[in-house]
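Spelled out from the first residue to the last, the chains are:
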Amino acid sequence: MKFGTKAIHAGQEPDPSTGAVMTPIYQTSTYAQKSPGDNKGYEYSRGTNPTRSALEGCLAALENARFALAFSSGMGATDAVMKLLQPGDEVITGNDLYGGSYRIFTKIFANYGIKFHFLDLSDPEIVAQYTNENTKLVWVETPTNPTMQIVDIEAIGKITKAKNLTFVVDNTFASPYLQNPIDLGADIVMHSVTKYIGGHSDLVMGALMLNDEDLYKRLWFIYNACGATPGPMDSFLALRGIKTLHLRMKAHCENGKQVAEFLKTHPKVDKIYWPGFTDHPNHEIAKKQMRGFGGMISITLKDADLAETFRIASNFKVFTLAESLGGVESLLNHPATMTHGSIPKEVREKVGVVDSLLRLSVGVEDIEDLLEDLKNALS
Ligand SMILES: *Cc1c(COP(=O)(O)O)cnc(C)c1O
């Protein structure tokens, strides 16, 4: 099946008892058993729930994976992956990560004896250089948040395969519509379903997709034992949101391109980060591994200190100043004080997260209204 058909149908069948076309919200914590252990595969909703099972079937299909696990947030999914590790293990990851990923690595898992190397992964060979006998896992985000750097998934996948490392890709920014890391050699794909997959800014959820059955069983054990699993109502909302994922992504890409081109020549804009530009440093890799360039764009403002950046950020009428991204509505974010506020200033500035940086999540409103809003706000 092609992407749009999977988005609407995968994992879902009309309800066998009533024919209801939409998957029911199985709002139940527990399930009747005929005699102990004689059940229909459902015992307790922390571990399994039919609405969530339908969602997991759909999520797996979107990433061309055999298995998916839905979590109550993207961080819940990340937490489960890190719990595969033992004290003494080492992780290689990027130096330009989602702030919450950096925070859970450095403030939670570092305390449990796991060592993290935050590296510039634009040269994949650095993974081989930093791999030693303790290295177990490579965690990659691409495009990165917020500076839209591109990491070559296939090249890193070859190294992780040769060195027997678990290779995880946070695919939140691209969405499964634009990029499928498992097809390029990743072992696990992680998503913040909160963003493009959910798509309507009405839920918080995460997911892991993967092919290896043993790894799936280990992760399912963690998921059930630790319990960061989503309820049936949110699972339903995610399923409903996914039905338009392909339509939304096409519109995000079209609007994103027009906004990027408008901003590129704007006198108030100093740097612009968007992988669709041919002069983006990794445009060729983006073209190779992505089917489009998406609606995430970051800019720095020319000669703007923090006060001027705040003034401009408060000028918008259609873009809403808010955390998060990937919804139908356009959002604007100030990474230095919002999404990346938990990263020390000297660390974030090294990778370009300066005070004058603004990140745009271009929504699917009418493009003329978006361009007009940008024009007014930047004046
Ligand atoms: C939002 C986000 C996360 C965390 O997901 P939550 O659903 O907010 O817990 C992880 N990675 C990226 C790239 C994100 O944008």
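Computed from a predicted structure; not experimentally measured.

Caption draft 1: Molecular detail of the overall build of the protein chain. What the protein chain contains, in helices and strands, is 14 helices and 12 strands. Computed over the C-alpha atoms, the radius of gyration of the protein chain is 21 Å, within 12% of the 21 Å expected from 2.2 N^0.38 for a compact globule of 379 residues. When its C-alpha atoms are laid out on the principal axes, the protein chain stretches across 70 × 50 × 35 Å. For the protein chain, buried positions account for 56% of its 379 residues. Sequence separation of 24 or more characterises 72% of the internal contacts of the protein chain that already satisfy a separation of 6 or more. Mean positive and mean negative side-chain charge positions of the protein chain (37 and 44 charges, respectively) differ by 2 Å.

Caption draft 2: Structural detail: the sheet that holds strand β12 (residues 357–361). Overall, mixed pairing links the 5 strands, which are arranged β8-β9-β12-β11-β10 in an open sheet. Looking at strand neighbours, the two that pair on one side only are β8 (269–273) and β10 (320–321), the edges of this open sheet. Where strand β11 (residues 331–333) lies against β12, 3 bridges are found, and the strand directions are antiparallel. Bridging from a neighbouring strand, Asn333 pairs with Arg359 of β12.

Caption draft 3: The arrangement of the domain arrangement of the protein chain in detail. Parsing the protein chain into structural domains produces domain 1 (3–242) and domain 2 (245–377). Here the C-alpha centre of domain 2 lies 25 Å away from the C-alpha centre of domain 1. Taken residue by residue, the interface counts 44 residues in domain 1 and 44 residues in domain 2. Interface area for domain 1 against domain 2, summed over the two sides, is near 3,500 Å², with a carbon-plus-sulfur share of 60%.

Caption draft 4: Just the sheet that holds strand β6 (residues 188–192), in detail. Read across the sheet, 7 strands follow the order β1-β7-β6-β5-β4-β2-β3 without closing on themselves; strand pairing throughout is mixed. Each of the sheet's edge strands pairs with one partner strand only, and the pair in question is β1 (67–71) and β3 (115–119). Neighbouring strand axes in the sheet, compared pairwise and without regard to direction, differ in orientation by 20° on average. Judged from the 5 bridges that link them, β6 and strand β7 (residues 206–210) form a sheet pairing that is antiparallel. Of the residues in β7, the one forming a bridge with Met190 is Leu208. Taken strand by strand, helix α4 (residues 99–108) contacts β2 (90–94), β3, β4 (135–141) and β5 (166–170), and its axis lies near 145° from that of β3. The strands touched by helix α8 (residues 213–226) are β1, β5, β6 and β7; relative to β1, the strand with the most contacts, the crossing angle is about 20°.

Conventions used here
- Residues numbered from 1 in each chain as written.
- Predicted model: local features only at pLDDT ≥ 70, side-chain atom pairs only at ≥ 80, totals over all residues.
- Heavy atoms only, no water.
- Helix = DSSP H or I, 4+ residues; strand = E, 2+ residues; numbered from the N terminus.
- Rg over C-alpha atoms; globule rule 2.2 N^0.38 Å.
- Buried < 20%, exposed > 50% of the residue type's maximum accessible area, 1.4 Å probe, protein only.
- Contact = heavy atoms within 4.5 Å.
- Lys, Arg positive; Asp, Glu negative; His and termini not counted.
- Charge placed at Lys NZ, Arg CZ, Asp CG, Glu CD.
- Pairing = 2+ DSSP bridges.
- Domains from an automatic or database assignment.
- Buried area = accessible area lost by both parts, 1.4 Å probe.
- Axes fitted to C-alpha atoms, helices over the stretch in contact; angles between N-to-C directions.

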